[in-house]
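The residues making up each chain are set out below.
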Amino acid sequence: MYKPETSYEEFLKSEQEKYPELNLKDIEALKERVKENIDLPPIRDKSIVMFLHSSYFDVDVAYKTIVANCKYRKELPQVFENYDPSSEEMKQVFDSMSISIVSNPSTGKQERILYTNFKITDPQEYDYVRCVRYFFMMLEYLMVTSGTFDGLVLTMNSKGVCWRHITKTPMNTMKKLLGFVQEALPVRLKEVHVLNAGNIISMLFNIIRPFMKNGLMNLLKVFPEGSTEIFDLVPIDIMPQEMGGSGKSHYEYCEETYNQMLSARDYIVSL
């Protein structure tokens, strides 16, 4: 684990130990291409490393990913600006949703698991834009403290989802975020699991399917209510109790994650 203030030199040395394919020549080539594009904002050195890794060390792909990332961020300021874990809006998300990093005793480059679960299922307490801002703020924290890793596994427990949640979701924003996830992530998305999926989830997928490319569809796995097949894919010993795992409660994971983000607030608000 790194700290946000870990120097780039120390960060790079550790990252090259994890992935010897990460070489200075490619890093400098990517930096130069970014610098030549006057339409791009400055990209942090650590982020250059993340993009190069997420693109399997292909400089051309990494550059295209950076361009897409900046495009979507510009189009979605309501999601990617004004990060502050201590704000009232983010506190409200924390009170109503579990959005957390599932802590793993192992360290290094193994997969990272993220988990979401309603705390309060009342649709009046649900704000999609605030929830996804919280999620991507958490992802920024994960990246700066973990560096690169083999893959991101997103596990979403859909228990409690109803049609009113869907009607409160701005579809244009969701469409753009699906584009962001498929074209612009600075991490390797490995799997997306949806638990306790019922008719509402099927209806939602029918709505968003036209915006999902084959790559994302192949990563998506949907499990009906009561299914335990998820544990063929994620470790039961660390997954939240509420989904049948033997780890901590999702409330504990959520509080740990939120407190970690608060401890890194100075870095997060600088993004």
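Since the structure is predicted, the reported quantities are computational estimates derived from the model, not experimental observations. (Residues numbered from 1 in each chain as written. Predicted model: local features only at pLDDT ≥ 70, side-chain atom pairs only at ≥ 80, totals over all residues. Heavy atoms only, no water.)

Caption draft 1: How the structure looks around helix 2 (residues 24-36). Taking 1.5 Å per residue as the helical rise, helix 2 with its 13 residues ought to reach 18 Å, and the 18 Å between its terminal C-alpha atoms agrees with that figure. Every buried residue belonging to helix 2 is among Asp26, Ile27, Leu30 and Val34, and all of these are buried. Summarising the axial view, the buried residues of helix 2 lie within an arc of 100°, below the 170-degree limit, and thus occupy one face. For helix 2, the exposed residues set more than 90 degrees away from the buried face come down to Lys25, Lys35 and Glu36. Those residues of helix 2 that are buried lie in contact with helix 1 (8-18), helix 3 (45-54) and helix 4 (59-75). (Helix = DSSP H or I, 4+ residues; strand = E, 2+ residues; numbered from the N terminus. Expected span 1.5 Å × (residues − 1). Buried < 20%, exposed > 50% of the residue type's maximum accessible area, 1.4 Å probe, protein only. Arc of directions from axis to C-beta. Contact = heavy atoms within 4.5 Å.)

Caption draft 2: Representation of the packing of aromatic side chains in the model. If you walk through the whole model with that rule in mind, you get 10 aromatic pairs. Ring geometry for Tyr19 against Phe57: centres 6.1 Å apart, planes inclined by 50°, an arrangement best described as tilted. One end of the pair, Tyr19, is in the loop between helix 1 and helix 2; the other, Phe57, is in the loop between helix 3 and helix 4, with 38 residues separating them in the sequence. Considered together, Tyr19 and Phe57 belong to a single accessibility category, that of buried residues. Taken together, a centroid distance of 5.3 Å and an interplanar angle of 55° make the contact between Phe80 and Phe136 tilted. Linking Phe80 in helix 5 (residues 77-80) with Phe136 in helix 7 (residues 128-146), this pair joins segments that are 56 residues apart in sequence. (Phe/Tyr/Trp six-rings, centres within 6.5 Å; stacked < 30°, edge-to-face > 60°.)

Caption draft 3: Broad picture of the sheet that holds strand 2 (residues 112-118). The strand order across the open sheet formed by 5 strands is 1-2-3-4-5, and the pairing between neighbours is mixed. Every interior strand has two partners, whereas the edge strands, strand 1 (97-101) and strand 5 (220-224), have only one. Sheet twist, expressed as the average angle between the axes of neighbouring strands with direction ignored, equals 15°. Here strand 2 pairs with strand 3 (residues 152-157) via 5 bridges, running parallel. Among the inter-strand pairings, Tyr115 is bridged to a residue of strand 3, identified as Thr155. On the sheet, helix 6 (residues 88-96) packs against strand 1 and strand 2 and is oriented at approximately 95° with respect to strand 1. (Pairing = 2+ DSSP bridges. Axes fitted to C-alpha atoms, helices over the stretch in contact; angles between N-to-C directions.)

Caption draft 4: Structural view of the nonpolar core. Leu30, Tyr134 and Phe136 are the most contacted members of the largest nonpolar core, which has 78 residues in total. Sort the elements by how many residues they give to this core and helix 7 lands first, with 14 residues. If near-sequence neighbours (up to four positions away) are discounted, Phe136 is found in contact with Val79, Phe80, Tyr83, Leu177, Phe180, Val181 and Leu185. Among the nonpolar cores identified, the runner-up in size contains 13 residues, and Phe223, Ile238, Met239 and Tyr253 belong to it. (Core = buried A, V, L, I, M, F, W, Y, C linked by side-chain atoms within 4.5 Å.)

Caption draft 5: The side chain of His165, seen in detail. Counting through the fold element by element, His165 comes out in helix 8 (residues 163-167). A polar atom in the side chain of His165 sits 3.0 Å from the backbone nitrogen of Cys162. Apart from the residues lying within four places of it in its own chain, the contact partners of His165 are Phe118, Thr121, Asp122, Pro123, Tyr126 and Gly160. (Polar contact = N/O pair within 3.5 Å; in protein donor to acceptor, adjacent residues only side chain to side chain.)

Caption draft 6: Representation of a nonpolar patch on the surface in the model. A surface patch of nonpolar side chains, about 260 Å² in accessible area, is lined by Trp163, Met203 and Ile207. In this structure, Trp163 sits in helix 8. Under the relative-accessibility criterion, Trp163 is labelled partly exposed at 40%. (Patch = residues over 30% accessible without salt bridge, like charges linked within 9 Å, V, L, I, M, F, W, Y side chains within 5 Å. Areas by Shrake-Rupley, 256 points an atom, 1.4 Å probe, with all protein chains shown as cover. Salt bridge = Lys/Arg side-chain N within 4 Å of Asp/Glu carboxyl O.)

Caption draft 7: The arrangement of the pattern of salt bridges in detail. Scanning the entire structure with this criterion turns up 14 salt bridges. A salt bridge links Arg265 to Asp84, with the nearest nitrogen and oxygen atoms 2.8 Å apart. Taken together, the residues Arg265 in helix 13 (residues 265-269) and Asp84 in the loop between helix 5 and helix 6 connect sequence positions 181 residues apart. Residue Arg265 is classed as partly exposed on the basis of its relative accessible area, which comes to 31%. The exposure class of Asp84 is buried, given its relative accessible area of 16%. We note a salt bridge from Glu89 to Arg133, for which the minimum N-O separation is 2.7 Å.

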